[in-house]
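Coordinates in review
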Amino acid sequence: MRTAMKSERLYLRSFEDNKQDISALYEWENDPESWDSSMASNPVSAKFIREYILESATSLITQGTMTLAIGLAETQELIGYLQFLGYDAISQRVGYGLYIAPEHRRKGYGREVVQLAEQYAFQHLGVRLVYADILSNNLSCCKLFEALGYELKATLPEWHWSQGSWHNLNYYMKWKN
């Protein structure tokens, strides 16, 4: 297994065309509770997931997006994914989003993943700005990014309908020191 980034507890790597990776991503993408964060509204097929994995093997520079599996270093269990998106080499910025499986939340993994993503973005990609767009009802994610020094720079009011009400979309940004 080739890792793109790692910490003491976690590693990030490309998704592979294998049963474990397809099964994990299929489960996460079909979790209705995760649809709000990704602004999705429907389940996806295993075939769609496999094609997505095959297409995501292309270059971040070419596609502007890259999705990495998040795994536990000790057990090799996959616990979520990190997606770089909107990469722009000229404007020197990249956004990201992450998903941590419900049973692995509130253990500090999200914080570690964001820190690994920042390090990769600033040092390897050479960007000057990283950002995330987060729905206002995702309070734990908003608090995480604020605790890591991200500034709320814009809010799009009533951007997403979910759970019987409208939710704002917050844009958090952080510049390289």
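Structure: see above.
Let me begin by describing the structure that accompanies this report.

Calculation criteria
Residues numbered from 1 in each chain as written. Predicted model: local features only at pLDDT ≥ 70, side-chain atom pairs only at ≥ 80, totals over all residues. Heavy atoms only, no water. Axes fitted to C-alpha atoms, helices over the stretch in contact; angles between N-to-C directions. Helix = DSSP H or I, 4+ residues; strand = E, 2+ residues; numbered from the N terminus. Left-handed = near helix turned anticlockwise from the far one by under 90°. Contact = heavy atoms within 4.5 Å. Nonpolar A, V, L, I, M, F, W, Y, C, P; charged D, E, K, R; others polar. Pairing = 2+ DSSP bridges. Phe/Tyr/Trp six-rings, centres within 6.5 Å; stacked < 30°, edge-to-face > 60°. Buried < 20%, exposed > 50% of the residue type's maximum accessible area, 1.4 Å probe, protein only. Arc of directions from axis to C-beta.

Here's the deal with the packing of helix H1 (residues 19–29) against helix H3 (residues 46–55)
One can describe the packing of H1 onto H3 by two numbers: an axis separation of 9 Å at closest approach and a directional angle of 115 degrees. For H1 against H3, the interelement crossing comes out right-handed. Judged by residue contacts, Asp21, Ile22, Leu25, Tyr26 and Glu29 of H1 engage Ala46, Ile49, Arg50, Tyr52 and Ile53 from H3. Per-class residue counts for the contact of H1 with H3 are 7 nonpolar, no polar and 3 charged.

Here we look at the sheet that holds strand E1 (residues 5–6)
Ordered in space as E1-E2-E3-E4-E5-E6-E8-E7, the 8 strands form an open sheet in which the pairing is mixed. Strands at the two margins of the open sheet, each flanked by one partner only, are E1 and strand E7 (151–162). Taken together, the 6 bridges between strand E3 (residues 66–72) and strand E4 (residues 78–88) define a ladder with antiparallel strand orientation. Looking across to E4, one finds that Met66 is bridged to Phe84. Of the strands in this sheet, strand E2 (10–14), E4 and strand E5 (93–100) are in contact with H1, which crosses E4 at around 80 degrees. In the packing of helix H5 (residues 109–125) onto the sheet, contacts are made with E1, E2, E3, E4, E5, strand E6 (129–135) and strand E8 (165–175), and the angle to E5 comes to roughly 155 degrees.

Considering the packing of aromatic side chains
If you walk through the whole model with that rule in mind, you get 8 aromatic pairs. Here the aromatic rings of Trp28 and Tyr81 are separated by 6.1 Å at their centres, their planes lie at 35 degrees, and the arrangement is tilted. Of this pair, Trp28 sits in helix H1 while Tyr81 sits in strand E4, and the two are 53 residues apart along the sequence. Among the residues examined, Tyr81 registers a relative accessible area of 12% and is labelled buried. Centroid distance Phe84 to Tyr120: 5.4 Å. Interplanar angle 45 degrees. Geometry classified as tilted. Remark: Tyr120 occurs in helix H5 and Phe84 occurs in strand E4; sequence separation between them is 36 residues. A residue is classified by how much of its surface remains accessible, and Phe84, at 0% relative accessible area, is buried. Classification of Tyr120 as buried rests on a relative accessible area of 16%. Among the aromatic residues, those joined into a cluster by ring pairs are Phe84, Tyr96, Tyr120, Phe145 and Tyr150.

A few points about H1
At 3.6 residues per turn, the α-helix brings residues three or four places apart onto the same side. Those residues of H1 not exposed but buried are Asp21, Ile22, Ala24, Leu25 and Trp28. Projection of H1 onto a plane perpendicular to its axis shows the buried side chains occupying an angular sector of 165 degrees, all on one side. Exposed and oriented more than 90 degrees from the buried face of H1 are Lys19 and Glu27.

Everything listed is a geometric property; what it means functionally is a separate question.
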